[in-house]
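So the chains spell out like this:
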Protein chains: 2
Amino acid sequence: MDIRGELELRIKTIDEALEKRLPKLENERAEIYDAMRYSLFAGGKRLRPMLMWEACGACGGSWEDVEPFACALEMIHTYSLIHDDLPAMDNDDLRRGLPTNHIKFGEAIAILAGDALLNKAFEIISSERYEYPERALKAIAVLAESSGTEGMIGGQVLDLESENRQISPEELKHIHRLKTGALIRAACIIGGIMAGADKSEINALDIYAENLGIAFQIQDDILDVTGSEEELGKPIGSDKESGKNTYVSLYGIEKAKQLMKEYSENAKEAVSALGDGAGFLTVLTEYLVNRRK
Amino acid sequence: MDIRGELELRIKTIDEALEKRLPKLENERAEIYDAMRYSLFAGGKRLRPMLMWEACGACGGSWEDVEPFACALEMIHTYSLIHDDLPAMDNDDLRRGLPTNHIKFGEAIAILAGDALLNKAFEIISSERYEYPERALKAIAVLAESSGTEGMIGGQVLDLESENRQISPEELKHIHRLKTGALIRAACIIGGIMAGADKSEINALDIYAENLGIAFQIQDDILDVTGSEEELGKPIGSDKESGKNTYVSLYGIEKAKQLMKEYSENAKEAVSALGDGAGFLTVLTEYLVNRRK
């Protein structure tokens, strides 16, 4: 399988959907749309929409079943990056090799562009007409819970609180489970919900997502040490410099690599229960833990 | 009618609902909940939840029909104030006589508390079990549209862009229609939707809200000039100092008062079509345009 080609095909479909959902405007909303679009189309990997799509496919659904949710989830992911980069937060000037949103548009517009992307996510999924409205309501609830205080934002707060102090491996895992894991889990579970998956299928997706999320995070931490600035689009070693706790700082690079392998194996095992339809989820896992950026 | 007594009764019910929806926590989420609660319980007038409740009542519904939406709307209103007060935005240190959220909790937590309140709003309304799910989905869509780029955030952006330049009366009206009017309109229309109102009832609520929103904003602008710092809990004349366009700066105080009266009369006339059930909406209008804070 030409995995890069397969990924690019999917990214193209996802980008086209995002483009339709957040088009370039020439009216009075041009400025805020420009700022939202700047970060939304800054070269993200579209991992979360892709996972949602594949999870939906593994349970018998199609891209059309999840398209609004996939766009919404990518917008929520993007808003969190914009706000994370702000001077009062991580104070980052570069993201994916480009000036961060507040460097490009100023802090006030960056704050509002983040707010607007979060809001737009819920606008999109609530204004759609669904064949199964009760599935949609459930999926909206999963998305909202995963991105708020009980999920991503909760993790961001714990992450802030843990900076510049040593934390335990359990704490680190817990923070990541919320900060990055919650949206990855939401991607997979919403994919299942919108396909009408049964309890055991949702459960398999849940275990898959949990393990994939951790493996993905470990790889992120490893790349911050072993990657190249050119490939990553941001300075190498920035985690260490900002006093961040990472899998590498806690375990060392070799043990971190071993852990990543274990979690990715767990992930692949979990989805094998879903049968042939889940094949690409397995391939995707391999790809993600071998990525260079 | 003892209007103050009536208002206090309603505020008590609304506050109790908000307290249940966002309780004080003692776990790892204590800090972000504290920051969210600090601004949510900082003595707001609960105008929007009250309008939603009364609009629902005017169309035959009850408090229970709108309770989740009323809480959600107040949370969205509160998040917008937290982000508006940030140094990069209006840079306000005081709000309702208290230190603003970022002064109290620091900028990073204030940004996240705002994000979390917006997110919590959608969490609440999407995880509720409804007797009429299709009404709920419609109401979620109205709320999302009113608070995002096509509503409140759109108004905030135009407001930012218009600072320190002279704008026309039409522009001012348009900015306020979005920035403050959109949520007031959402309050009334969602009240109608959740009561199962028909098209003509929704239309009456729409016209009511449109006019009330403008009257309310004019009164806000008048109070910034004629109010007392003690009553308002913020410095007098701050609009002028920050180069804001207001109804008073554009029309002068006498003409502004006259306009306020006209819009409030229009509002009252619009709801008179709803009959006796809308009586309190009329009383509320009177009260709002005669308020001192």
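It should be noted that the structure appears before, not after, this text.
Reference entry: report on the structure contained in this document. (Residues numbered from 1 in each chain as written. Chains lettered and ligands numbered in written order. Predicted model: local features only at pLDDT ≥ 70, side-chain atom pairs only at ≥ 80, totals over all residues. Heavy atoms only, no water.)

What to know about the overall build of chain A
Counting secondary structure elements, chain A contains 16 helices and two strands. Relative to the globule expectation of 19 Å for 293 residues, the C-alpha radius of gyration of chain A, 18 Å, shows essentially globular dimensions. Oriented by its inertia axes, the alpha-carbon framework of chain A measures out at about 50 × 50 × 35 Å. Residues counted as buried form 57% of the 293 residues belonging to chain A. (Helix = DSSP H or I, 4+ residues; strand = E, 2+ residues; numbered from the N terminus. Rg over C-alpha atoms; globule rule 2.2 N^0.38 Å. Buried < 20%, exposed > 50% of the residue type's maximum accessible area, 1.4 Å probe, protein only.)

A word on the side chain of A:Asp85
You can see A:Asp85 is positioned in helix α4 (residues 63-85). The residues contacting A:Asp85, other than those within four sequence positions of it, are A:Asp90, A:Asn91, A:Asp92, A:Arg95, A:Thr100 and A:His102. (Contact = heavy atoms within 4.5 Å.)

Quick look at the interface of chain B and chain A
Interface size is often expressed as the accessible area that is lost when the parts come together. In this complex, chain B contributes 43 residues to the contact, which on the side of chain A involves 43 residues. Carbon and sulfur atoms supply 68% of the area that chain B and chain A bury against each other, a total of about 3,800 Å² over both sides. Where chain B packs against chain A, one counts four salt bridges. A salt bridge links B:Lys120 to A:Glu150, with the shortest nitrogen-to-oxygen separation between them at 3.2 Å. One can count 16 residue pairs in polar contact (both at pLDDT 80 or more) joining chain B with chain A. Looking at the side of chain B that touches chain A, the elements that each hand over two or more residues are α2 (30-40), α4 (63-85), α6 (107-127), α7 (133-147), α8 (152-162) and α9 (169-179) of chain B. Ranked by residue count, the leading element in the side of chain B that touches chain A is α6(B), at 14 residues. Classifying every residue of the side of chain B that touches chain A by side-chain character gives 24 nonpolar, nine polar and ten charged. (Buried area = accessible area lost by both parts, 1.4 Å probe. Salt bridge = Lys/Arg side-chain N within 4 Å of Asp/Glu carboxyl O. Polar contact = N/O pair within 3.5 Å; in protein donor to acceptor, adjacent residues only side chain to side chain. Nonpolar A, V, L, I, M, F, W, Y, C, P; charged D, E, K, R; others polar.)

Concerning the packing of helix α3 (residues 47-58) of chain B against α4(B)
All names here are of chain B. It is the contact of α3 with α4, at a shortest axis distance of 8 Å, that shows an interaxial angle of 155 degrees. Accordingly, the angle class assigned to the pair α3 and α4 is roughly antiparallel. Between α3 and α4 lies a crossing of right-handed hand. Here Arg-48, Pro-49, Met-52, Trp-53 and Cys-56 of α3 lie close against α4, whose contacting residues are Trp-63, Asp-65, Val-66, Phe-69, Ala-70, Leu-73, Glu-74 and His-77. (Axes fitted to C-alpha atoms, helices over the stretch in contact; angles between N-to-C directions. Parallel < 35°, antiparallel > 145°, perpendicular 65-115°, else oblique. Left-handed = near helix turned anticlockwise from the far one by under 90°.)

A few points about the nonpolar core
Within the largest apolar cluster, 167 residues are counted, with the highest numbers of intra-cluster contacts made by A:Leu51, A:Phe69, B:Leu51 and B:Phe69. Ignoring anything within four residues of it in the chain, the contact list for B:Phe69 reads B:Met52, B:Ile125, B:Tyr130, B:Ala136, B:Ala139, B:Ile140, B:Ile190 and B:Met194. (Core = buried A, V, L, I, M, F, W, Y, C linked by side-chain atoms within 4.5 Å.)

Overview of the environment of A:Gly237
Counting through the fold element by element, A:Gly237 comes out in the loop between α12 (229-232) and α13 (238-241). As for A:Gly237 and A:Val225, which are separated by twelve residues in sequence, their C-alpha atoms are 5.4 Å apart.

So, the state of the cysteines
As used in these notes, a disulfide is a covalent bond between sulfur atoms, one from each of two cysteines. Under the defined criterion, the tally for this structure stands at zero disulfides over all chains. The structure places no disulfide on B:Cys56, whose sulfur is separated from the nearest cysteine sulfur, that of B:Cys59, by 7.4 Å. (Disulfide = S-S within 2.5 Å.)

Let's talk about the relation of the copies chain B and chain A
Least-squares fitting of chain B to chain A yields an RMSD of 0.0 Å, with the transformation described by 0.0 Å of translation along the axis and a rotation of 180 degrees. What we have between these two chains is a two-fold relation. When the interface residues of chain B are mapped onto chain A, 100% of them again lie at the interface, so the same face is used by both copies. (Least-squares fit on C-alpha atoms with pLDDT ≥ 70 in both.)

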